[in-house]
Amino acid sequence: MLKKRAEAGEKNKVSYLNGTIQFRGISLNVYSYLADGVLIDTGARSLRKYFEPFIDRADFDQVVLTHYHEDHSGNAAHIERTRNTPIYLSGKTIDACAQAADYPLYRKLFWGKRKPFHANALPDSFTSRNATWDVIATPGHAHDHQAFFNRDTGQMFTGDLFVNERTKVVLAEENIPQLITSLERVLRYDFGDVFCSHAGFVEGGRQALERKRDYLLGIQQDAFALRQQGYGAKEIRDRLLPKTYPITTLSRGEWDSLHLITSLLEDSR
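Residues numbered from 1 in each chain as written. Predicted model: local features only at pLDDT ≥ 70, side-chain atom pairs only at ≥ 80, totals over all residues. Heavy atoms only, no water.

**Student:** I'm lost on the sheet that holds strand β8 (residues 125-127) in this one. Help?
**Tutor:** Either a parallel or an antiparallel arrangement is found when strands of a sheet pair, and the pairing is made through backbone hydrogen bonds. The six strands lie next to each other as β8-β9-β10-β11-β13-β14, forming an open sheet whose pairing is mixed. Sheet topology places β8 and β14 (200-201) at the edges, where each strand pairs with a single neighbour. Sheet topology note: the strand β10 (residues 146-150)/strand β11 (residues 155-159) ladder contains three bridges and is antiparallel. What sits directly across from Phe149, in β11, is Met156. In this fold helix α6 (residues 176-186) packs onto β9 (132-137), β10 and β11, with an angle of close to 155 degrees to the strand it touches most, β9. (Pairing = 2+ DSSP bridges. Helix = DSSP H or I, 4+ residues; strand = E, 2+ residues; numbered from the N terminus. Contact = heavy atoms within 4.5 Å. Axes fitted to C-alpha atoms, helices over the stretch in contact; angles between N-to-C directions.)

Here is the structure:
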């Protein structure tokens, strides 16, 4: 049986709701943030009994989504149905989100089945009540991924760009060389606070992002060295990332350490 809970709070004038789902030793969570009249991500539909009241009480003028994945866009349809508030998303996935959701059963088990919604294309920048924001293309985890930088507060909202410093398993669709480039792009900004959609507020955010970039580059260097010695991708995975995680079995391989290795080995930057 799925166990669900949520926790609301505030950090440095940013309000948030963090919803968590636990199942068979797997624990997944996701955040929605509210800053200066901007709602950043909407949580998962499977957690709607927590996210809908948070959304209904929140005072916001616009919604911006870091990417199309169902744990971030799951309650966008509720907003469209109950409020006259614009929703913004990368133009790359507007059409997909206007259609019925299509993703594997285990993800529907965890995150629910996202209902269709209609969004506008994110511009390069936007204004809120008291600030100007930069929209930063940060593909890698997803091809439409964006980060949001509040120029006035110096706060960076990184979606799924960070998550943790030492990535072990990734989705089959992820492009890790692109993710490294996205980390480098974000690190060119002069930011302070980092708010991640899964790790929450990241202490020492800049340094944490730097460590993640360096970790991925180190894994890539080791993978290239082993390939030159004649090892295949699975053998490299077994040497560098030997642990098997429950999510790999549950997802039937959609999440796997092997995807991390194969993606890094394909890098032609």
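**Student:** I keep staring at unusual backbone geometry and nothing clicks. Help me out?
**Tutor:** Most peptide bonds take the trans configuration, and most residues that are not glycine carry a negative phi. Positioned with a positive phi, Asn12 is a non-glycine residue whose angle comes to about 50 degrees. Its place among the elements puts Asn12 in the loop between β1 (3-11) and β2 (14-23). What makes Asn12 partly exposed here is its relative accessible area of 40%. The phi dihedral of Asp36 is positive, around 50 degrees, even though this residue is not glycine. Mapped onto the fold, Asp36 is located in the loop between β3 (26-35) and β4 (38-40). (Buried < 20%, exposed > 50% of the residue type's maximum accessible area, 1.4 Å probe, protein only.)

**Student:** Just to check I follow, could you spell out the environment of Ile79 for this structure?
**Tutor:** Tracing the backbone through its elements, the reader meets Ile79 in helix α3 (residues 76-82). Note on Ile79: relative accessible area 0%, which makes it buried. Measuring from C-alpha to C-alpha, the distance between Ile79 and Leu187 comes to 32 Å, with 108 residues separating the pair along the chain. The residues contacting Ile79, other than those within four sequence positions of it, are Leu39, Thr42, Ile55, Phe60, Val63, Thr85 and Ile87.

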